[in-house]
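# Descriptive analysis of the structure
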Amino acid sequence: MNISITFRHMDGTEAVKRHTQEKLSKLQKFLRQAMTAQVTLEVIGLDHIVDVRIQSGSQSFHAQERSEDMYASIDMVLDKLERQIHAQKGAN
């Protein structure tokens, strides 16, 4: 599992980085192959935007969320990704 995190227009804290990695690592159990994730955490005005792209074998997933709280945005985007992964599993 390889997770790269990019911070834009904000100072990246270790707490946010750790929270993101912990949440994303939970998605690995739903995937058959090792995943690679690119995460962009960005602040524009009052919006905290999280954009995540996951690649696992031939499967890819993408989700983006924005809210006024970075942790809430991270949690919401991970809920979206989990739903996408379960929907993909159901289609197979």
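In what follows, the structure referred to is the one given above.
The notes below deal with the structure included here. Computed from a predicted structure; not experimentally measured.

Analysis parameters
Residues numbered from 1 in each chain as written. Predicted model: local features only at pLDDT ≥ 70, side-chain atom pairs only at ≥ 80, totals over all residues. Heavy atoms only, no water. Salt bridge = Lys/Arg side-chain N within 4 Å of Asp/Glu carboxyl O. Helix = DSSP H or I, 4+ residues; strand = E, 2+ residues; numbered from the N terminus. Buried < 20%, exposed > 50% of the residue type's maximum accessible area, 1.4 Å probe, protein only. Expected span 1.5 Å × (residues − 1). Arc of directions from axis to C-beta.

Quick look at the pattern of salt bridges now. Throughout the structure, instances matching the rule amount to 4 salt bridges. Among the ionic pairs, Asp75 bridges to Lys23, the shortest N-O distance being 3.6 Å. With Asp75 in helix α2 (residues 70–91) and Lys23 in helix α1 (residues 14–25), the pair connects residues that are 52 residues apart, well separated along the chain. Judged by relative accessible area, Asp75 falls into the partly exposed class, the value being 28%. Classification of Lys23 by relative accessible area gives partly exposed; the value is 29%. A salt bridge links Arg66 to Asp47; the nearest nitrogen and oxygen atoms lie 2.9 Å apart. Separated by 19 residues along the polypeptide, Arg66 in strand β4 (residues 59–67) and Asp47 in strand β3 (residues 47–56) bring together distant segments of the chain. Relative accessible area serves as the criterion here: at 47%, Arg66 is assigned to the partly exposed category.

So, on to α1. For α1, spanning 12 residues, the distance from its first C-alpha to its last is 16 Å, which sits close to the expected 16 Å at 1.5 Å a residue. Residues Val16, His19, Thr20 and Leu24 constitute the buried set of α1. One side of α1 carries all its buried residues, which in axial view fall inside an arc of 120°.

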